[in-house]
Amino acid sequence: MSSSAPGRRRVATLALAALLLLAIGAFVGRATAPDEGGDPPPAADRAAPDREVRPPTLAVGLVTTDAGALTPPATPVPDFSAAQAVTDRIAARFVRVDVRWDLLQPDAATPLDPARVIGDGCGRESAKPCSGPISLARTLGALKAAQVAHPGHYRPLISFWGMPTWAGAPGTGCDAAKARDGARPLAPGKEPAYRAAVARVWEAVRAAGIDGADWTPWNEPNAPYFLDPQRASCAVDAAPRSPAEFGRLVVAMDGELHRLRAAAPAGSAARDDRLVVGELAAWAAPAPRSVPSDEFLRALPDDVLCRADVVSLHGYFEARPRSGRGEPVAAGLAELDRRRCLDDRPAWITETAVGSPRAGGKRDTSASTLRAECRLMDRQLDHWYHEPRVTAAFQYAVREDPAFPTGLLDEGLTRTFPVAGVWAAWGGARDPAAPAPALPADCREPSDDGAASAPPG
């Protein structure tokens, strides 16, 4: 999912239509770079030994491109003080920054422009308040300011999506003619253009004064509103097509990062930039136009998947679900455990939240449900804290998007939901390997002693 902006509003509308067509629920290192340029060695040469069981650890991340919310409170943004305070209390170790390639480079003849305005800083349909024109450069500048306020925090995860019309081509498979331009596969021979876009964003990250970053080739490549078509035909058991198209992007980004890291000065933090592969939506079951994360991962050959320094999955929760659902990323994690080359690679949950995590859902904001959301989110973070592979979880998002209502504050930024306290407890100055924090008082039922259990998720 993504933060609201004019382009994002159009995508969200299309996403809602796609989700209705699907008719299913979505509950959803390499530590140093080589010294020489060129593409990296084959994945088979990078297979890792058996991983050791690590002590419990969980770092906190956020998903937002809202420069107003990311700006530290020492620099007031009119009408954004509540969002600034929440973000500052959480002091995330990571922030996922979406890179809309189609908005940043609408014309093939003009290089990707990080300063290009791609949003108004408002909520959906220009809902107030607005933080002012949003560009990738402004967001990265806000991240740098947050890093200065909280050293060691706010490392960006750069996530590409939005295929430019000039860079995409119609695919073949289920409902291929219905694919929107921004979700079409990369056209044959356009890998150099994609690599050039990656290089431009790399330069923008360094121009902002940010030393280290992580990179992911495409958001939710197993969902039709980001990559379409998904299958060879519209049969539920048809062969998936999207993994191969995603694989081309993985190989291209990995090659470009290898080149850029090798060109960075010796000892530079840029040499530690990591490749994050996945960003997979947690579909409940196979469907003609979606591929569950475990099936998608199985379809990625070792020469693609094993390039990953980190594998990323998405998974959401409801305190009052319409039907019982278990751990949304369990199948994906199990598939990772079957791939020996990933034995030492962590998994990040790069989108998670509680609320009403389905397009067009309506969030229950009664006091009892908001407290239940708190307990559910806290229990889930504790589960991932003890999960041997998971090392980070990212909240989506800071500001509520009424089309996908899972924010920490309402759209008007006048109300902070209690679950924000859970993320602050797990984040802030707390070391990711420190003992699990206590449940915040605002999350407890008035009659209990603080040991209340969350409803089933």
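### Here we look at the pattern of salt bridges
Part 1 of the reasoning: Under the counting rule described, the total for this entry stands at 29 salt bridges.
Part 2 of the reasoning: Residues E191 and R248 are paired through a salt bridge, measuring 2.8 Å at the closest nitrogen-oxygen approach. You can see E191 sitting in helix α6 (residues 191–207) and its partner R248 sitting in helix α7 (residues 242–263), a full 57 residues away along the chain.
Part 3 of the reasoning: The exposure class assigned to E191 is partly exposed, which follows from its relative accessible area of 23%.
Part 4 of the reasoning: Judged by its relative accessible area of 23%, R248 is partly exposed.
Part 5 of the reasoning: D254 is paired through a salt bridge with R307; the nearest N and O atoms lie 2.9 Å apart. Taken as a pair, D254 in helix α7 and R307 in the loop between α9 (302–305) and β8 (310–314) lie far apart in primary sequence, 53 residues in all. Of the two residues, D254 and R307, neither departs from the other in class, the shared state being buried.

### Looking at the pairing of strand β9 (residues 347–352)
Part 1 of the reasoning: Of all 6 residues in β9, 6 are buried, a share of seventy percent or more.
Part 2 of the reasoning: With 4 bridges joining them, β8 and β9 adopt parallel strand pairing. Across the sheet, the residue bridging to H314 is E351, located in β9.
Part 3 of the reasoning: Across 4 bridges, β9 lies against strand β10 (residues 390–396) in parallel orientation. The partner of A347 across the bridge, within β10, is V390.
Part 4 of the reasoning: A crossover links β9 with its parallel partner β10, the connecting element being helix α11 (residues 367–386), and its sense is right-handed.

Definitions and cut-offs
- Residues numbered from 1 in each chain as written.
- Predicted model: local features only at pLDDT ≥ 70, side-chain atom pairs only at ≥ 80, totals over all residues.
- Heavy atoms only, no water.
- Salt bridge = Lys/Arg side-chain N within 4 Å of Asp/Glu carboxyl O.
- Helix = DSSP H or I, 4+ residues; strand = E, 2+ residues; numbered from the N terminus.
- Buried < 20%, exposed > 50% of the residue type's maximum accessible area, 1.4 Å probe, protein only.
- Pairing = 2+ DSSP bridges.
- Right-handed = clockwise from strand over helix to strand, strands pointing away.

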